[in-house]
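# Observations on chain architecture
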Amino acid sequence: MALDWVQELLNQRLGYHPFPATLNVRPKDVGDAQVWRRVQRGNAGTPLTAASDGHCGAKLYRIEIRAGADSEKLAGAVLLPEVDDYPQDKIEIVAPVRLKDHFKLNDGDQLTLEFLN
């Protein structure tokens, strides 16, 4: 995430330079896991092609992020690396800010992700 070419590519695709690390989350239950699988099957995502050998490609899925019913929405994206054996229940979120600080999150806190078309 901190590599210059990654930051530039994400800026081109998302319109902002993301915080140079992802927030990794997992679906809270079977229903949320099914939604994530449906998104991957039904939405091509935005491709990110690796700039050099030794790096993987990925797909981006635009989202809006909320930390609670009363919290503001924040634009972000789910970054899905295109690697074999990537955990099906791992969701990597990129955003223009450090999400833990922005939403004052602690480990185990829940987020709501709204996938956009």
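The notes below deal with the structure included here. (Residues numbered from 1 in each chain as written. Predicted model: local features only at pLDDT ≥ 70, side-chain atom pairs only at ≥ 80, totals over all residues. Heavy atoms only, no water.)

Take the overall build of the protein next. In terms of helices and strands, the protein carries three helices and six strands. Traced from its N-terminal end to its C-terminal end, the protein shows the element sequence α-β-α-β-β-β-β-α-β. Overall, the C-alpha framework of the protein stretches about 40 × 30 × 25 Å when taken along its three principal axes. A separation threshold of at least 6 residues defines the contact pool for the protein, and within that pool the share at least 24 residues apart is 56%. Of the roughly 7,300 Å² of accessible surface on the protein, 46% is carried by carbon and sulfur atoms. For the protein, the distance from the average site of its 14 positive side-chain charges to the average site of its 17 negative ones is 4 Å. (Helix = DSSP H or I, 4+ residues; strand = E, 2+ residues; numbered from the N terminus. Contact = heavy atoms within 4.5 Å. Areas by Shrake-Rupley, 256 points an atom, 1.4 Å probe, with all protein chains shown as cover. Lys, Arg positive; Asp, Glu negative; His and termini not counted. Charge placed at Lys NZ, Arg CZ, Asp CG, Glu CD.)

The subject of this paragraph is the side chain of Glu92. With respect to the helices, strands and loops of the structure, Glu92 is situated in strand E5 (residues 91–94). Looking at Glu92, its side chain comes within polar contact range of the side chain of Tyr86, at 2.5 Å. In this structure Glu92 touches Thr22, Leu23, Asn24, Ala77, Val78, Leu79, Pro81 and Tyr86, once residues within four positions along its chain are discounted. (Polar contact = N/O pair within 3.5 Å; in protein donor to acceptor, adjacent residues only side chain to side chain.)

Note that every value here comes from positions in space, so none of it alone points to a role or purpose.
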